[in-house]
Structure formats: structure tokens, C-alpha cells
Amino acid sequence: GNSVTQMEGPVTLSEEAFLTINCTYTATGYPSLFWYVQYPGEGLQLLLKATKADDKGSNKGFEATYRKETTSFHLEKGSVQVSDSAVYFCALKKETSGSRLTFGEGTQLTVNP
Amino acid sequence: DVKVTQSSRYLVKRTGEKVFLECVQDMDHENMFWYRQDPGLGLRLIYFSYDVKMKEKGDIPEGYSVSREKKERFSLILESASTNQTSMYLCASSVGPRYSGYTFGSGTRLTVV
């Protein structure tokens, strides 16, 4: 079946550090890939997405590239801010699953001033 | 903005009680979903619905049921609450039938004692 695996957390960084959160997936065919972010006390929000191989999703300084050869969709940001502290979820949607998403475990990011 | 409203932010119930978690969306979305969120496990799909009076089991439906009598409302029912159902419950909606992004509610943290 489909699955998404994220790097273990929590991740703690200093402000302006470089961020990478790894995400790999298992799925047949050509799934769409997503990153969601959950700020404290809130629901999840879509951060970025990519729908085909080699697509790069980007938003708010975050980027992720859909790599089919390595089945990965790693999240990166060049310079994190304290306000980026949140839980980040990688997710996939198979072509044949309608609107249904499969989520990874989530990675807690804390950015210190 | 689309809003997904979950009726309670925090809920404490006793073992064996019947529990109703309510979710209402205000933008005429066809698809609605119930997930539970647990540390280290990410989001797991309990039930979903693509239309009024329609429901489908997700990955962990045992111990739960749902009701969708009106398009805007999707209720999750714990027939006989147990301590292993203590969790954060998240409702989401999306425009159907093709994926167009989920909108999440803020969540209900349920504690079963």
C-alpha cells in the first residue's frame, strides 16, 4: 500500500540556519506530493505541492522537488525564522484514490532566536 | 475564506460513553474527512465521505462510525469510548471530485478517562 516516511524529529535549529526535512514515499504509479504545516493550536495548512516528477513546489521560502528516482520529496528552506516553528507533514495522493491523502508521521521543528 | 469548524476544542469523556464529534464546513465542499493525530504516527484516516449519506472506511475505522445527513456537517461517533481513543481528532474538507486542497479544522482533543 501507500506510505510516507519522514525523518525523525524533533528538529531544533537556530534562526537563519538551513533546514532540510526528509520525506520518502512508497506508492505505485505517479502520486501527487504535498507538504502541510501545523502551527501551534491550529489545524493543518497546505504549504506546497508537486504533481509530477521533477516538479518543484515552493511557498514562503520553502521548496521541495519531486524526485521519482529516489521516491523523495525533501523540504528545504535556506534561512529559517522563529515563526517557522511548527509541525511539518509530508503527504501523498495516488492518482486513483480520489481526494484521499496519506500522511507521514510529522516532524516537529523548533527555531530558537 | 473556507472555514471548517469543530464543535469542541477539548473534551473529556468516560469509558463506555457514546461520544459525538461534530464538524461543519461553510463552503459547499463535497468531500469531508476525519483523521486522528497521535505523536509518532502522524494523521490516520478514520472515515471519509464524498457526498451526503455516503461514507467510506479509512485505515482505522474500528470503534468509530460517522453520519453525514447534510452536506455541510460530518459527525464522528465513538459508540463506546475507550482509553485508546484518547487523541487529537481533525476534520477536513475539500471540493470534489478532483483534489483541490484540504481545509482543516483546528481539532478536538479528546481524553477518555
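As shown above, the structure is provided for reference.
As the structure is a computational prediction, the values presented were derived from the model and not from experiment.

Student: Lay out the side chain of Gln37(B) with the relevant residues and their values.
Tutor: Position of Gln37(B) among the secondary structure elements: in strand β5 (residues 31–38). Looking at Gln37(B), its side chain comes within polar contact range of the side chain of Gln38(A), at 2.8 Å.

Student: Lay out the state of the cysteines in plain terms, naming residues and giving numbers.
Tutor: Evaluated as defined, the whole model comprises 2 disulfides over all chains. A sulfur-sulfur separation of 2.0 Å characterises the disulfide bridge that pairs Cys23(A) with Cys90(A). Its S-S torsion of about -70° marks the bond between Cys23(A) and Cys90(A) as left-handed, since a negative value means left-handed. One end of the pair, Cys23(A), is in strand β4 (residues 23–26); the other, Cys90(A), is in strand β10 (residues 86–93), and 67 residues separate them in sequence. For the pair Cys23(A) and Cys90(A), a shared accessibility class is recorded, and that class is buried. Disulfide pairing is shown between Cys23(B) and Cys91(B); the S-S distance is 1.9 Å. Linking Cys23(B) and Cys91(B), the disulfide has an S-S dihedral of approximately -80° and is accordingly described as left-handed. Of this pair, Cys23(B) sits in strand β4 (residues 23–25) while Cys91(B) sits in strand β10 (residues 87–94); the two residues are 68 residues apart in sequence, bridging distant segments of the chain. Taken individually, Cys23(B) and Cys91(B) each receive the classification buried, so the pair is uniform in this respect.

Student: So, the nonpolar core: which residues are in play, and what are the values?
Tutor: Residue and element names in this part refer to chain A. Among the nonpolar cores identified, the biggest contains 26 residues, and Trp35, Leu47, Leu48, Phe73, Leu75 and Tyr88 are the most heavily contacted of them. Sorting the residues of this core by element identifies β2 (11–14), β3 (19–21), β4, β5 (32–38), β6 (44–50), β8 (62–65), β10 and β12 (107–112) as the ones contributing at least two each. When neighbours within four sequence positions are excluded, Leu75 is seen to be in contact with Leu19, Thr20, Ile21, Trp35, Leu47, Leu48, Phe62, Glu63, Ala64 and Tyr88.

Student: An account of the interface of chain B and chain A is requested, with residue identities and associated values reported.
Tutor: Opposite the 26 residues of chain B that make contact, chain A presents 18 residues. Surface buried jointly by chain B and chain A totals about 1500 Å² across both partners, of which 52% is contributed by carbon and sulfur atoms. Linking chain B with chain A are 1 salt bridge, by the criterion used here. For Arg100(A), the salt bridge identified is with Asp59(B), shortest N-O distance 2.4 Å. Here chain B is connected to chain A by 7 residue pairs in polar contact (both at pLDDT 80 or more). Taken together, the residues of the side of chain B that touches chain A sort by class into 13 nonpolar, 9 polar and 4 charged.

Student: Residue-level account of the sheet that holds strand β9 (residues 75–77) of chain A, with values.
Tutor: Residue and element names in this part refer to chain A. Here we have 4 strands laid out as an open sheet, ordered β3-β9-β8-β7, and antiparallel in their pairing. Two strands in the sheet have a free side with no partner beyond their single neighbour: β3 and β7 (56–59). Taking the axes of each pair of neighbouring strands and ignoring which way they run, one obtains an average angle of 15° across the sheet.

Student: How would you explain the pairing of β6(A) if you had to name every residue and give the values?
Tutor: Residues and elements named next belong to chain A. When β5 meets β6, the two strands line up antiparallel, connected through 6 bridges. The residue of β6 that forms the bridge with Leu33 is Ala50. Connecting β5 to the antiparallel partner β6 that follows it, the hairpin turn spans 5 residues, and Gly41 within it adopts a positive phi of roughly 75°.

Procedures and definitions
Residues numbered from 1 in each chain as written. Chains lettered and ligands numbered in written order. Predicted model: local features only at pLDDT ≥ 70, side-chain atom pairs only at ≥ 80, totals over all residues. Heavy atoms only, no water. Helix = DSSP H or I, 4+ residues; strand = E, 2+ residues; numbered from the N terminus. Polar contact = N/O pair within 3.5 Å; in protein donor to acceptor, adjacent residues only side chain to side chain. Disulfide = S-S within 2.5 Å. Buried < 20%, exposed > 50% of the residue type's maximum accessible area, 1.4 Å probe, protein only. Core = buried A, V, L, I, M, F, W, Y, C linked by side-chain atoms within 4.5 Å. Contact = heavy atoms within 4.5 Å. Buried area = accessible area lost by both parts, 1.4 Å probe. Salt bridge = Lys/Arg side-chain N within 4 Å of Asp/Glu carboxyl O. Nonpolar A, V, L, I, M, F, W, Y, C, P; charged D, E, K, R; others polar. Pairing = 2+ DSSP bridges. Axes fitted to C-alpha atoms, helices over the stretch in contact; angles between N-to-C directions.

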